[in-house]
Amino acid sequence: MIRDELAILLEKAAIEAQRSNLLPPIAMPEIVLERPQNPEHGDYASTLPLKLARAARMDPLIIAQSLVNLIQRPKEIERIAVASPGFINFSLRSDWLTAQVEAILSAGAQYGNIDLGKGARVQLEFVSVNPTGPLHVGHGRGAILGSTLADVLASSGYEVVKEYYINDAGSQMDAFYRSLYARYQQALGRDAPMPTEGYFGDYMIDIANEIIAEEGERFLDKPEELGERGAAKVIAAIASDLELLGVTFDEWFSEQSLFEQGQYDKAMSLLSEKGYTVEKEGAVWFSSTALGEDKDNVLVRSDGSPTYFASDLAYHYNKFIERGFERVIDIWGADHQGHVSRMKAVIGALGIDPERLQVIISQMVTLKRGDAIIRASKRTGEMITLRELVDEVGVDACRFFFLSRSADSQMDFDLELAKRQSADNPVYYVQYAHARISSILRLAEERGIDFGGGDVSLLTSDPELALIRKMLQLPEVMELVAMTLEPHHLPYYATDMATIFHNFYEKCRVISDDRALTGARLKLVAAARIVLARTLHLMGMSAPEQM
RNA sequence: GUCCCUGUAGCUCAGUGGAUAGAGCAACUGCCUUCUAAGCAGUGGGUCGUGAGUUCGAAUCUCACCAGGGACGCCA
């Protein structure tokens, strides 16, 4: 990227300035180039002189001037200017800008890819809801976040594995089994009480009836098999809901398999070898207070059964040590916040750098219908499912809406508002830009215009150059999202692209009597379509040809 | 009580320690004989929760306080 080249050149200039005593030998901060808000300040700006001024005891303007004198101006740059109180502003050459249209066209659907990851293997775990019931809207948020992040990381040079961790062991699964068995017996006319900690949603009755319709009464004395059958149905339903949203996984990882394949035993013995387990009150604890945690955590209960924490420990042992992932990213709901620090602590105890695990906490989604807040509770079964949300709002709007908010902020989702405003939804604003472009290219095709020989150097007006400038930001946005793990920058970029395109559309007629200009603008528009479609696809949205 | 997230325009939300704090929706004013008006151009709207501090410079960093949400279990 040109931005990185400029940073390197600037650093060289600074070193050169120190060598020739124009700058004292002070420590050099990391050099970052920013995008100025005001276009009059050029395409990129550096505040290096301002940052150096204090330590150097010099006027930042004088530092800026020295650096500008020393910097080797690359061919892409038209002008390097000093601005008060100590900025260095870089402006791109317009002929270089227009040439990038050709570069985008030849990159095609690959345009925007970067090599940040250099092939590093990343495991991305998300959704991972207990298979005890249907997904609700909060799960949808994590699902969309994860699938988008996976696409961005894969486009940024990482080798990504998307995984769903199935909690098919443990006490909640047990409650599910017992609930289903009760519903099954009830459906067959027997008097069976629901467990108090059971799942009371109507879907449990549906599952029981389905199993009866398919296989009759044969599970009456086989509650375990019934439970497995029921869980398989729930998992299949979850998978199909996610697929509806465009979310898929490379691996569905079973918690049970950790026990069956020795991962749990290996992880636990490694932990005790390292001296971080202790027995007290009949249970086995992770002595996390030794690592600065507030309290110790139980790994094995006094009845001998492992806790969720213990199997998650085994899972992460498997990710890092058995499978050797360099990085692991987990996306958890806000209710798992307290799990983060002990998970990092236990990984550290296993001898793995905790920095290699990144946990994204996706905050709560509150669902509203008008003024009425809908409380979601899986136990009572009062909830709006993810599927219902997608049916009402649509996949594209759903994805765009969820992606537009940073994972850190909790969000209100008003169903009535989302439906009522559907025609004004920003999603259509972006897609409309794509449809307009497609329409122009369709007309060109109908008229048999071949713009392969179009001369992009004819693109010199402000709306044209502004469009090119915005298109060139896609790799920067890709890098930003990949580094911060914040996909919410994508919808904002998409909206910017659409705005600038719509503006161009108003001011610049593409297909006209001027054949040369028509050819050049068709190339520009074709490149803009590549960028818009790419951005939409990264968000998991469709790029409609017409609307 | 401890920990985490949030507090920015009427509403929903962006905002990598830098230049005049932005977008969408809502309100108001204009613009369709020409590739899609699901569009464009413009107007109004702000003690960036409060108060200190660090800095040449703070919405952004630190501390305290206020408000909302979440977590503090041998549940997951």
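Scoring rules and cut-offs
- Residues numbered from 1 in each chain as written.
- Chains lettered and ligands numbered in written order.
- Predicted model: local features only at pLDDT ≥ 70, side-chain atom pairs only at ≥ 80, totals over all residues.
- Heavy atoms only, no water.
- Helix = DSSP H or I, 4+ residues; strand = E, 2+ residues; numbered from the N terminus.
- Buried < 20%, exposed > 50% of the residue type's maximum accessible area, 1.4 Å probe, protein only.
- Contact = heavy atoms within 4.5 Å.
- Areas by Shrake-Rupley, 256 points an atom, 1.4 Å probe, with all protein chains shown as cover.
- Lys, Arg positive; Asp, Glu negative; His and termini not counted.
- Charge placed at Lys NZ, Arg CZ, Asp CG, Glu CD.
- Core = buried A, V, L, I, M, F, W, Y, C linked by side-chain atoms within 4.5 Å.
- Salt bridge = Lys/Arg side-chain N within 4 Å of Asp/Glu carboxyl O.
- Polar contact = N/O pair within 3.5 Å; in protein donor to acceptor, adjacent residues only side chain to side chain.
- Near = heavy atom within 4 Å.
- Pairing = 2+ DSSP bridges.
- Axes fitted to C-alpha atoms, helices over the stretch in contact; angles between N-to-C directions.
- Patch = residues over 30% accessible without salt bridge, like charges linked within 9 Å, V, L, I, M, F, W, Y side chains within 5 Å.

(A) Structural context of the overall build of chain A. The helix and strand tally for chain A stands at 20 helices and 14 strands. Dimensions of chain A along its principal axes, counting C-alpha atoms only, are 85 × 65 × 40 Å. By residue count, 52% of the 547 residues in chain A fall in the buried class. The long-range share in chain A, meaning contacts at least 24 apart out of those at least 6 apart in sequence, stands at 73%. Of the roughly 25000 Å² of accessible surface on chain A, 48% is carried by carbon and sulfur atoms. When the 55 basic and 78 acidic side-chain charges of chain A are each reduced to a single mean position, those positions are 4 Å apart.

(B) Here's a closer look at the nonpolar core. Formed by 141 residues in total, the largest nonpolar core has its most connected members in Phe90 and Phe413. Take this core: its biggest share by element is 13 residues, from helix H20 (residues 515–538). Contact partners of phenylalanine 90, with chain neighbours within four places excluded, come to Leu6, Leu10, Leu33, Gly42, Asp43, Tyr44, Ser46, Ile71, Ile77, Arg79 and Ile80. Of all hydrophobic cores here, the second largest spans 33 residues; its members include Leu270, Leu313, Trp332 and Leu350.

(C) Summary view of the side chain of arginine 327. Positionally, arginine 327 belongs in strand E10 (residues 327–333). For the buried residue arginine 327, which engages in no salt bridge, the nearest side chain bearing the opposite charge is glutamate 326, 8.5 Å off. Side chain to side chain, arginine 327 and tyrosine 158 meet in a polar contact 3.1 Å long. Not counting chain neighbours up to four residues away, the residues in contact with arginine 327 comprise Arg121, Val122, Gln123, Tyr158, Arg356, Gln358 and Leu485.

(D) The protein's contact with RNA strand B, seen in detail. In the region of RNA strand B, 67 residues are neighbours, and Arg54, Lys295, Arg405, Tyr432 and Ser439 sit closest. Among the atoms of RNA strand B lying within 4 Å of the protein, the sugar-phosphate backbone contributes 64%. Within the side chain of asparagine 130, one N or O atom sits 3.0 Å away from a sugar or linking oxygen of RNA strand B. The set of elements that each furnish at least two residues to the surface near RNA strand B consists of helix H2 (48–56), strand E3 (87–92), helix H6 (171–187), strand E8 (283–286), strand E14 (411–414), helix H16 (426–446) and helix H19 (489–507).

(E) Representation of the environment of isoleucine 26 in the model. Along the polypeptide, isoleucine 26 turns up in the loop between helix H1 (2–19) and strand E1 (44–46). Under the relative-accessibility criterion, isoleucine 26 is labelled buried at 18%. In this structure isoleucine 26 touches Gln18, Leu52, Ala55 and Ala56, once residues within four positions along its chain are discounted.

(F) Examining the sheet that holds strand E4 (residues 121–125) more closely. Spatially, the five strands line up as an open sheet ordered E6-E5-E4-E10-E11, and their pairing is parallel. Of all strands in the sheet, those bounded by a partner on one side alone are strand E6 (251–254) and strand E11 (357–362). In this sheet, adjacent strand axes meet at a mean angle of 25° when their direction is disregarded. Packing of helix H8 (residues 223–244) onto the sheet brings it into contact with strand E5 (159–166) and E6, and relative to E6 it is tilted by some 150°. On top of the sheet, helix H11 (residues 308–322) reaches E4, E5, E6, E10 and E11; it is set at about 150° to E10, its chief contact.

(G) Expanded view of a nonpolar patch on the surface. A cluster of nonpolar residues, Tyr428, Tyr432 and Met547, forms a patch on the protein surface that exposes about 300 Å² of accessible area. For tyrosine 428, the position within the fold is in helix H16. Given the relative accessible area of 31%, tyrosine 428 is considered partly exposed.

Functional significance is not addressed by these values, which are geometric in nature.
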